[in-house]
Amino acid sequence: MNRTPLVLLTGFLGAGKTTMLNTLLATPEFRDTAVVINEAGDVGLDHLLVEQGSDSITMLEGGCLCCRAKGALAPALANLMRRTRDESLPPFKRVVVETSGLSDPAPLLEGLITDAYFNRFFELAGVVTAIDARAFAATADRHPEARMQVALADRLLLTKTDLATSGEIRKVQQALTNLNPHARQHLVQPGMATMSAFWPQALDLPRALARPNMICSPEPAAIASASLVFEGAIEPDALEAWLDHTINLLGPMLLRMKAILNVADTTRPTVLHAVQGLLHRPLDLKAWPNGDRQNRVVLIGRDVEEQILMDALARLSTIARAPIQKFAKVSHQS
Ligand SMILES: Nc1nc2c(ncn2[C@@H]2O[C@H](COP(=O)(O)OP(=O)(O)OP(=O)(O)O)[C@@H](O)[C@H]2O)c(=O)[nH]1
């Protein structure tokens, strides 16, 4: 029986994994791809941000796949297979698993290659790591999991090359070569990811797994996340003031913000991303996921009290017109 090839897509928080997947899923070569997404926060947004082929997207919430949700991947894959058998899902030829930005891929790889179910139906095609060309130098200094994502990669795809100078890109490429001389590096122009750049040709798994220090989430207690779902339209001016205040308040402690927002007098959902203090240009989704017009916001911080993240979210919900807070969650990576 032919086994289905599977790629692990890693990359630090905000490196551009979901954006790249969206580009790829819109290409004919990538049709027939099932996607499994794992997120660090308790309320996942990425499955709502992937606009193509939503039927074949599976969400794994409840923490980083490399530790808390470690055993969840094989059942999710089994579920995909079952759904193709009962024809609730079209057949797929390959699988991409997007790991949370905080995942150390080593325990995940080890878990997969020793899993009997996985080995019967799937084969690991490789590890692809998205690298934020602008932020990588600082990220690699501070976050061992980001270095591990590079060390275990078969392909390193440099994103946000439009935000970095050619000198910065050369420096990042050299740093990547130092960390992993075996991985192929590709520069990805925004919206131009291709199957040939993305999909690894062959995996040298023993080399990848021979790396030292494969520990799960090196400094787990330092990461906190909070998320909130609430109703009500938000005035653009009030939103801008909240963003200014929150980004200044949290500074480098803010690793990641992701939000789908109901901005007053707009029909489409507004998507906001901040990555390590840099707010990206807002995007629109074509339509409201689930049609519910609910605001969904996730904050992930390092060395910050959970309560501070919660307070920031609570402030945002109070500037929405007629807010009805649906639920709020706080979690510590453990
Ligand atoms: N300028 C520019 N922005 C990009 C590029 N790729 C991604 N972005 C932006 O970076 C932000 C984060 O992108 P995502 O694709 O959500 O990153 P991610 O790796 O999935 O993030 P996590 O789910 O937090 O791990 C978004 O605002 C994207 O629009 C790029 O090549 N150039």
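Residues numbered from 1 in each chain as written. Predicted model: local features only at pLDDT ≥ 70, side-chain atom pairs only at ≥ 80, totals over all residues. Heavy atoms only, no water.

Undergrad: Can you help me understand the overall build of the chain in this one?
TA: Across its full length, the chain carries twelve helices and 14 strands. A buried classification covers 56% of the 334 residues belonging to the chain. Taking contacts inside the chain between residues at least 6 apart in sequence as the whole, the part at least 24 apart equals 79%. A total of about 14,100 Å² of accessible surface is found on the chain, and carbon and sulfur atoms cover 52% of it. (Helix = DSSP H or I, 4+ residues; strand = E, 2+ residues; numbered from the N terminus. Buried < 20%, exposed > 50% of the residue type's maximum accessible area, 1.4 Å probe, protein only. Contact = heavy atoms within 4.5 Å. Areas by Shrake-Rupley, 256 points an atom, 1.4 Å probe, with all protein chains shown as cover.)

Undergrad: What's the story with the packing of aromatic side chains in this structure? I'm lost.
TA: How two aromatic rings sit relative to each other is set out by the distance from centre to centre and by the angle between their planes. Within the structure shown, the criterion is met by six aromatic pairs. Note on Phe-30 and Phe-198: the rings are 5.7 Å apart at their centroids and 85° apart in plane angle, and the pair reads as edge-to-face. In this pair, Phe-30 sits in the loop between helix 1 (17-25) and strand 2 (33-38) while Phe-198 sits in helix 9 (residues 195-198), placing the two residues 168 residues apart along the sequence. By the burial criterion, Phe-30 is buried, and Phe-198 matches it. Pairing Tyr-117 with Phe-121 gives two aromatic rings, centres 4.9 Å apart and planes at 50°, and the pair type is tilted. A residue pair is termed a helical-turn pair when its members lie 3 or 4 positions apart in one helix, as Tyr-117 and Phe-121 do in helix 5 (residues 116-121) at four residues. Look at Tyr-117 and you get partly exposed, because its relative accessible area is 25%. Owing to a relative accessible area of 13%, Phe-121 belongs among the buried residues under this scheme. (Phe/Tyr/Trp six-rings, centres within 6.5 Å; stacked < 30°, edge-to-face > 60°.)

Undergrad: Can you walk me through the site of the ligand in this structure?
TA: For the ligand, the set of nearby residues contains 20 residues, the closest of which are Lys-17, Thr-18, Thr-19, Arg-256 and Lys-258. Between Gly-16 and the ligand, the recorded distance is 2.9 Å, taken from a backbone N or O atom to an oxygen atom. Thr-18 is positioned such that a nitrogen or oxygen atom in its side chain is 2.8 Å from an oxygen atom of the ligand. Across the complex, the protein chains shield 91% of the 660 Å² of accessible surface that the ligand would expose by itself. Mapped onto the shell around the ligand, the elements with two or more residues apiece are helix 1 and strand 9 (254-261). Looking at the shell around the ligand, the element that brings in the most residues is helix 1, giving three residues. A domain split of the shell around the ligand shows at least three residues from each of domain 1 (4-209) and domain 2 (220-332). (Near = heavy atom within 4 Å. Polar contact = N/O pair within 3.5 Å; in protein donor to acceptor, adjacent residues only side chain to side chain. Domains from an automatic or database assignment.)

Undergrad: Just to check I follow, could you spell out the pattern of salt bridges for this structure?
TA: Two side chains of opposite charge can pair, provided their charged atoms sit close to one another. A full pass over the atoms with the stated rule returns five salt bridges. Asp-32 is the partner of Lys-93 in a salt bridge, and the nearest nitrogen-oxygen pair spans 3.6 Å. Placement of the pair is Lys-93 in the loop between helix 3 (73-85) and strand 4 (94-98) and Asp-32 in the loop between helix 1 and strand 2, with a sequence separation of 61 residues. In this structure, Asp-86 engages Arg-82 in a salt bridge whose closest nitrogen and oxygen atoms are separated by 3.2 Å. (Salt bridge = Lys/Arg side-chain N within 4 Å of Asp/Glu carboxyl O.)

Undergrad: So what exactly am I meant to see when it comes to the nonpolar core here?
TA: Here is a general trend for soluble globular proteins: nonpolar side chains tend to be buried in one another's company. Judged by nonpolar contacts, the single largest core of 26 residues is most densely connected at Leu-239, Met-257, Leu-261, Val-297 and Leu-316. Listed by contribution, the elements that provide at least two residues to this core are strand 8 (223-230), helix 11 (236-250), strand 9, strand 10 (270-275), strand 13 (295-302) and helix 12 (306-318). If we skip the residues at most four places from it in the chain, Val-297 touches Ala-226, Ser-227, Leu-228, Phe-230, Met-257, Lys-258, Ala-259, Leu-261, Leu-313 and Leu-316. Ranked by size, the runner-up nonpolar core spans 24 residues in total, among them Ala-34, Leu-108, Val-127 and Ala-151. (Core = buried A, V, L, I, M, F, W, Y, C linked by side-chain atoms within 4.5 Å.)

Undergrad: It is not clear to me how helix 7 (residues 144-151) should be interpreted in this structure. Could you clarify?
TA: Note: α-helices contain 3.6 residues per turn, so residues at a spacing of three or four share the same orientation. The element helix 7 is largely enclosed, with a buried count of six among its eight residues. Along helix 7, the residues classified as buried are Glu-145, Ala-146, Met-148, Gln-149, Val-150 and Ala-151.

Undergrad: When you look at the confidence of the model for the chain in this model, what are you seeing that I'm missing?
TA: Considering every residue of the chain, the mean pLDDT works out to 80; 79% of them sit at 70 or more. Low pLDDT (under 50) marks residues 203-221, which in the prediction has 52 contacts with non-local residues, meaning those over four places away or in another chain. Contacts from residues 327-334, a stretch scored under 50 in pLDDT, to residues over four places away or in other chains number 38 contacts. In the model output, the complex is listed with pTM 0.75 alongside ipTM 0.98. (pLDDT = per-residue confidence, 0-100.)

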